[in-house]
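# Per-entry structural report
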Amino acid sequence: MIAIYLAPLYLLLNVYFLFRILKWLETCHVYFKKKWIKAVLAMIYVFLAFSILIAFLFPQGTIRRAMKLISNYWLGVLMYLALTILIADLIRLILIYFVKADQKKFRTPKVFRIVGSICMILILLISFYGVCNARNIRTTSYHVTIHKKAGNHKKLKIILLADLHLGYNIGCSQMKQMVMKVNQQSPDLIVVAGDIFDNEYDALDDPDQLVKIFRQLKSQYGVYAVYGNHDIDEKILAGFTFGSGREKKVSDPRMDEFVKRAGMKLLRDESVCIDQSFYLYGRPDAEKVGRGISRRKTPKELVNGMDLKKPVIVLDHEPRQLEELNQVGVDIDLCGHTHDGQLFPGNITIHLFWKNPYGYRKVGNVHQIVTSGVGLFGPNMRVGTKAEIVVVNVDFR
């Protein structure tokens with residue numbers, strides 16, 4: 001319903017942006033004043049503006065994949081188009097109505113052409129940078145100390161992955177890069193904190209090849225994973241979900257089979273004691289708990305039966321309940337979900353919604369690490385954030 005209510009606003013903004021672009025082009029060259037040229041440009045813009053809806057309505061196939069890619073690039077460009085034009089208009093209004101600057105100087109074709117050109121260059125540069133930056137997976141390291149004994153282990157190297165979002169944006173090329181960077185670290189344990197998929201299993205570019213790539217991950221104690229809010233079979237339009245609110249949304253059975261074939265051990269609100277030395281507990285997503293689970297266990301319930309003299313590591317998609325986890329004796333909480341906002345200024349505003357939207361936070365004796373993730377959701381860009389694998393170096397004392 002939210003998507004339906006916002007549709008008129010989306011249309012009005014695009015009409016306004018198209019009007020401003022055409023007016024700017026007219027000041028650049030007389031060629032752009034021709035009606036047929038403006039009509040062609042308007043049709044191209046309308047195609048891009050409606051690419052999101054076209055991709056949503058088309059059945060699975062080559063056309064849908066192409067339109068999904070176009071619409072995901074367009075969403076990023078549109079965001080910075082909107083931000084740049086609105087900021088430029090705001091500055092113009094401030095200069096005219098508050099600074100009382102000469103209106104005639106600000107309304108000349110020359111000024112309009114210069115300002116428009118600066119805006120367009122900014123939009124293109126930011127968008128190009130965002131696309132390139134999203135494809136460069138970095139390595140981020142943290143060191144934490146746990147004051148518990150873990151068998152004969154003095155140290156443990158954990159690789160934290162999250163938010164792969166395998167689908168139209170992310171496929172084999174990115175996963176090859178990720179696996180290479182993970183294996184370079186020679187980890188003891190690899191964990192995946194949810195959102196392995198991007199809602200649609202059919203969006204995977206080559207499932208069999210992806211399985212082969214994942215099976216190349218190497219660690220002493222294997223690869224463990226939990227599901228996130230996007231590891232379900234669900235229709236999405238511009239970030240909004242569709243379907244009955246009463247219907248419980250679960251993973252596509254092919255997703256479960258993929259995870260198994262890829263060599264990942266899926267934890268569904270359950271724990272495993274690794275090498276009889278430490279616990280790893282995998283929590284279902286807080287909002288969409290998935291198949292076979294009516295409600296997820298509370299922090300108190302998840303440690304029930306554990307020997308709390310041993311370290312307890314919790315794998316959770318969303319960074320929630322850190323205070324409660326501290327109270328029951330959990331030592332490390334590994335999360336994803338937030339993408340660190342993915343696109344500026346989202347990396348700033350996201351602090352309004354999460355106590356720890358990215359990085360390290362400690363409450364009492366529990367250490368929480370939130371990764372910005374490997375993949376992308378929606379716009380095929382990262383600006384002001386990074387795609388990453390996280391190395392968690394743990395010392396036991």
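Residues numbered from 1 in each chain as written. Predicted model: local features only at pLDDT ≥ 70, side-chain atom pairs only at ≥ 80, totals over all residues. Heavy atoms only, no water.

## Structural notes on the overall build of the chain
Keep this limit in mind: For the purposes of this entry, the term helix denotes a DSSP run of H or I that reaches at least four residues, the term strand denotes a run of E that reaches at least two, and both are numbered from the N terminus. Throughout this description, buried means an accessible area under 20% of the type-specific maximum (1.4 Å probe, protein chains only), exposed means over 50%, and partly exposed covers the range between. For this analysis, residues touch if any pair of their heavy atoms sits within 4.5 Å. Where accessible areas are quoted, they stem from the Shrake-Rupley method and a 1.4 Å probe; at the residue level, only the protein chains shown are allowed to cover.
Along the backbone of the chain there are twelve helices and 14 strands. Taken over the C-alpha atoms alone, the chain extends approximately 75 × 50 × 40 Å along its principal axes. Across the 397 residues of the chain, 51% fall into the buried class. Considering only contacts in the chain between residues 6 or more positions apart, those separated by 24 or more positions represent 77%. Surface exposure of the chain reaches about 19500 Å², of which carbon and sulfur atoms provide 62%.

## Observations regarding the environment of Lys149
Looking at the secondary structure, you find Lys149 in the loop between strand S1 (137-146) and strand S2 (155-161). Lys149 sits in the exposed class, given a relative accessible area of 70%. Lys149 sits 247 residues away from Phe396 along the chain, and the two C-alpha atoms are 5.9 Å apart. Not counting chain neighbours up to four residues away, the residues in contact with Lys149 comprise Ser277, Lys309, Lys310 and Pro311.

## Observations concerning the packing of aromatic side chains
The test is simple: Note on aromatic contacts: the rings of Phe and Tyr and the six-membered ring of Trp form a pair at centre separations within 6.5 Å, being stacked when their planes are under 30 degrees apart, edge-to-face when over 60 apart, and tilted otherwise.
Within the structure shown, the criterion is met by nine aromatic pairs. Plain terms: the ring middles of Tyr31 and Trp36 are 6.5 Å apart, the flat faces sit at 85° to each other, and that makes the pair edge-to-face. Residues Tyr201 and Phe258 carry aromatic rings whose centres are separated by 6.5 Å and whose planes lie at 75° to one another, so their mutual orientation is edge-to-face. Taken together, the positions of Tyr201 in the loop between strand S3 (189-193) and helix H8 (207-214) and Phe258 in helix H9 (residues 253-261) put the pair 57 residues apart, joining distant regions of the chain. Members of the aromatic cluster, each reached through a chain of ring pairs, are Phe197, Tyr201, Phe214 and Phe258.

## Focus: the sheet that holds strand S10 (residues 312-315)
The condition that has to hold: Strands were regarded as paired on the criterion that DSSP finds at least two bridges between them. Throughout, an axis means a line fitted to C-alpha atoms (over the contacting stretch in the case of helices), and angles, computed between N-to-C directions, take values from 0 to 180 degrees.
Across the sheet, six strands lie side by side as S8-S9-S10-S11-S13-S12; this open sheet has mixed pairing. Whereas interior strands pair on both sides, the edge strands pair on one side only; in this sheet they are strand S8 (270-274) and strand S12 (359-363). Mean inter-strand twist for the sheet, computed between neighbouring axes without regard to direction, equals 20°. By the bridge criterion, three bridges tie S10 to strand S11 (residues 332-335) in an arrangement that is parallel. Opposite Val314, over in S11, you have Asp333 as the bridge partner.

## Side note on the nonpolar core
To keep it simple, the criterion reads: Grouping buried Ala, Val, Leu, Ile, Met, Phe, Trp, Tyr and Cys residues that are joined through side-chain atoms within 4.5 Å yields what is termed a nonpolar core.
The biggest cluster of nonpolar side chains holds 37 residues, and the ones touching the most others in it are Leu166, Met175, Met178, Ile196, Phe214 and Phe258. Put simply, the parts of the chain that give this core at least two residues each are S2, helix H7 (172-184), S3, H8, strand S4 (223-226), H9, strand S7 (264-266) and strand S14 (387-396). The greatest single-element share of this core, amounting to five residues, is contributed by H7. Every residue in contact with Phe258, bar those within four places of it in the chain, is listed here: Leu166, Phe197, Tyr201, Leu204, Pro207, Leu210, Val211 and Phe214. In terms of nonpolar packing, the next biggest core, distinct from the first, is built from 27 residues, Ile146, Tyr221, Ile274 and Leu280 among them.

## Topic: a nonpolar patch on the surface
Going by this rule: Every patch collects residues that have over 30% relative accessible area and no salt bridge, joining them within 9 Å if they carry like charges and within 5 Å if they are nonpolar side chains (Val, Leu, Ile, Met, Phe, Trp, Tyr). The rule for a salt bridge is simple: a side-chain nitrogen of Lys or Arg has to be within 4 Å of a carboxyl oxygen of Asp or Glu.
A cluster of nonpolar side chains, namely Leu90, Leu93, Ile94, Tyr97, Phe98 and Val99, defines an oily patch on the protein surface of about 630 Å² accessible area. Here Val99 is to be found in the loop between helix H4 (62-97) and helix H5 (103-106). A relative accessible area of 52% means that Val99 is categorised as exposed.

## Focus on unusual backbone geometry
Pro345 follows Phe344 through a cis peptide bond whose omega is 5°. Relative to the helices and strands, Pro345 is located in the loop between S11 and helix H12 (346-349). Of note, Asp163 is a non-glycine position whose phi angle comes to about 50°, a positive value. Within the fold, Asp163 resides in the loop between S2 and H7. By relative accessible area, Asp163 is classed as buried at 0%. For Ser186, which is not a glycine, the phi torsion comes out positive at approximately 50°. For Ser186, the position within the fold is in the loop between H7 and S3. Accessibility expressed as a relative area gives 57% for Ser186, which makes it exposed.

## Comments concerning helix H2 (residues 35-49)
Heads up, the rule is: How far a helix is expected to stretch is found by multiplying one less than its residue total by 1.5 Å. Think of it as the arc spanned by the lines of direction from the helix axis to the C-beta atoms.
With 15 residues, H2 extends 21 Å between its outermost C-alpha atoms, agreeing within 8% with the 21 Å of an ideal straight helix rising 1.5 Å per residue. Among all positions of H2, only Ile37, Ala42, Tyr45 and Ala49 are buried. Along H2, the residues classed as buried sweep out an arc of 130° about the axis, all on the same side. In H2, the exposed positions that point more than 90 degrees away from the buried face belong to Trp36 and Met43.

## Observations concerning the sheet that holds S4
Strand order in the open sheet made by the six strands is S1-S14-S2-S3-S4-S7, with mixed pairing throughout. With partners counted over all chains shown, the strands left at the sheet margins are S1 and S7, one partner each. Put simply, the sheet's adjacent strands are angled 25° from each other on average, direction ignored. Where S2 lies against S3, four bridges are found, and the strand directions are parallel. Across the sheet, the residue bridging to Ile158 is Leu189, located in S3. Those strands touched by H7 are S1, S2, S3 and S14, and its axis lies near 40° from that of S1.

Keep in mind these numbers describe shape, not what the thing actually does.
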